[in-house]
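Working through the structure, step by step
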Amino acid sequence: MDSPEARFEELLLAKGLRLTPQRKRIMAEALTMGGHFEAEDLHDRLRKKKSRVSRASVYRTLPLLVETGLLREVEFVDRHAHYEVSAPGDSHAHLICTSCRAVIEFRHASVERALAEVARSHDFEDVTHKVEIVGLCGKCRRQMK
Ligand SMILES: [Zn+2]
Ligand SMILES: [Zn+2]
């Protein structure tokens, strides 16, 4: 498998974009983020490290990293995008509570197998996918009673 940088550069070239030092910096830092993060978190971290990367380019670069398959986008209920590093072999999914906004991660082998099977049967290469169950957690449901 090609290096993350090579994969990113390939995608950028296909879009007529270049792998600028800024984009490279954003990519490198994004790949060190643990757990779920937002564009703001990444921008803060870059700023603390004295990287001259604008907020706008962080916002623009994150979706490109998702397209490359290096990050996954997690759509939480508060409308703005959250991201996480897409670790090979770890494709956990999320349960998202619309009331308290809790995010619970889960892994389910047969869900993974089913998705891989769907991709294969459509002659599709599964670069990334997301499974999200959006609803109400038990705590919120009990409080509503
Ligand atoms: Zn809840
Ligand atoms: Zn997650």
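For the structure, check the block above.
An account of the accompanying structure is given in this report. Please read these numbers as outputs of a predicted model, since none were measured by experiment. (Residues numbered from 1 in each chain as written. Chains lettered and ligands numbered in written order. Predicted model: local features only at pLDDT ≥ 70, side-chain atom pairs only at ≥ 80, totals over all residues. Heavy atoms only, no water.)

1. As for the coordination of the zinc ion (ligand 2)
Within the protein, His 36 (NE2), Glu 84 (OE), His 92 (NE2), His 94 (NE2) and Glu 105 (OE) serve as the donor atoms for the zinc ion (ligand 2), at 2.0 to 2.1 Å. For the zinc ion (ligand 2), all donor residues lie on one chain, and their spacing in sequence is H-x47-E-x7-H-x1-H-x10-E. With His 94 in strand β4 (residues 93-97) and Glu 105 in strand β5 (residues 103-106), this residue pair connects regions lying 11 residues apart in the sequence. (Donors = N, O, S within 2.8 Å, 3.2 Å for Na, K, Ca; no water. Helix = DSSP H or I, 4+ residues; strand = E, 2+ residues; numbered from the N terminus.)

2. Notes on empty space enclosed by the protein
Summary: where empty space remains is shown by rolling a probe the size of a single water molecule over the atoms. Across all of its chains, the model carries one cavity of 30 Å³ or more by this definition. In this structure, the largest cavity encloses a volume near 40 Å³. Lining the largest cavity we find Arg 72, Glu 73, Val 74, Glu 84, His 92, Ala 93, His 94, Lys 130, Val 131 and Glu 132. When residues of the lining of the largest cavity are traced back to their parent elements, those giving at least two are β2 (71-75) and β4. Per-element accounting of the lining of the largest cavity gives the leading share, three residues, to β2. A class-by-class count of the residues in the lining of the largest cavity yields three nonpolar, two polar and five charged. (1 Å grid on protein atoms, 1.4 Å probe; cavity = no way out; pocket = protein on both sides within 12 Å on 5 of 7 lines; lining within 4 Å. Points joined across faces, edges and corners; volume = space filled by probe spheres on them. Nonpolar A, V, L, I, M, F, W, Y, C, P; charged D, E, K, R; others polar.)

3. Here's the deal with helix α4 (residues 55-68)
In this model α4 runs 20 Å from its N-terminal to its C-terminal C-alpha over 14 residues, within 8% of the 20 Å that 1.5 Å per residue would give. Among the residues making up α4, those that are buried are Ser 57, Val 58, Thr 61, Leu 62, Leu 64, Leu 65, Val 66 and Thr 68. Tucked into the core, α4 has its buried residues touching α1 (4-14), α2 (21-30), β1 (37-38), α3 (39-48), β2 and β3 (81-85). Once α4 finishes, Gly 69 follows within two positions and takes phi at roughly 90°, a positive value. (Expected span 1.5 Å × (residues − 1). Buried < 20%, exposed > 50% of the residue type's maximum accessible area, 1.4 Å probe, protein only. Contact = heavy atoms within 4.5 Å.)

4. Comments concerning the sheet that holds β2
Spatial ordering of the open sheet is given by β1-β3-β2, a layout of three strands whose pairing is antiparallel. Since the sheet does not close on itself, it has two edges, and those belong to β1 and β2, each with one partner. Both β1 and β3 contribute to a ladder of two bridges, which runs antiparallel. The residue bridging Glu 38 from the neighbouring strand is His 82, located in β3. The sheet strands contacting α4 are β1, β2 and β3, and the helix crosses β2 at an angle near 110°. (Pairing = 2+ DSSP bridges. Axes fitted to C-alpha atoms, helices over the stretch in contact; angles between N-to-C directions.)

5. Points about the coordination of the zinc ion (ligand 1)
Taken together, the protein ligands of the zinc ion (ligand 1) are Cys 97 (SG), Cys 100 (SG), Cys 137 (SG) and Cys 140 (SG), with distances of 2.2 to 2.4 Å. Donor residues for the zinc ion (ligand 1), ordered by position in the chain, follow C-x2-C-x36-C-x2-C. Of the two residues, Cys 100 sits in the loop between β4 and β5 while Cys 140 sits in helix α6 (residues 138-144), which places them 40 residues apart along the sequence. For Cys 100, a relative accessible area of 38% translates into the label partly exposed.

6. What to know about the side chain of Arg 72
Turning to its location among the elements, Arg 72 is positioned in strand β2. A polar atom in the side chain of Arg 72 sits 2.8 Å from the side chain of Glu 84. Here Arg 72 is in contact with Val 66, His 82, Tyr 83, Glu 84, Ser 86, Ser 91, His 92, His 94, Thr 128, His 129 and Lys 130, once residues within four sequence places are set aside. (Polar contact = N/O pair within 3.5 Å; in protein donor to acceptor, adjacent residues only side chain to side chain.)

Everything listed here is a matter of coordinates, which is why it stays silent on function.
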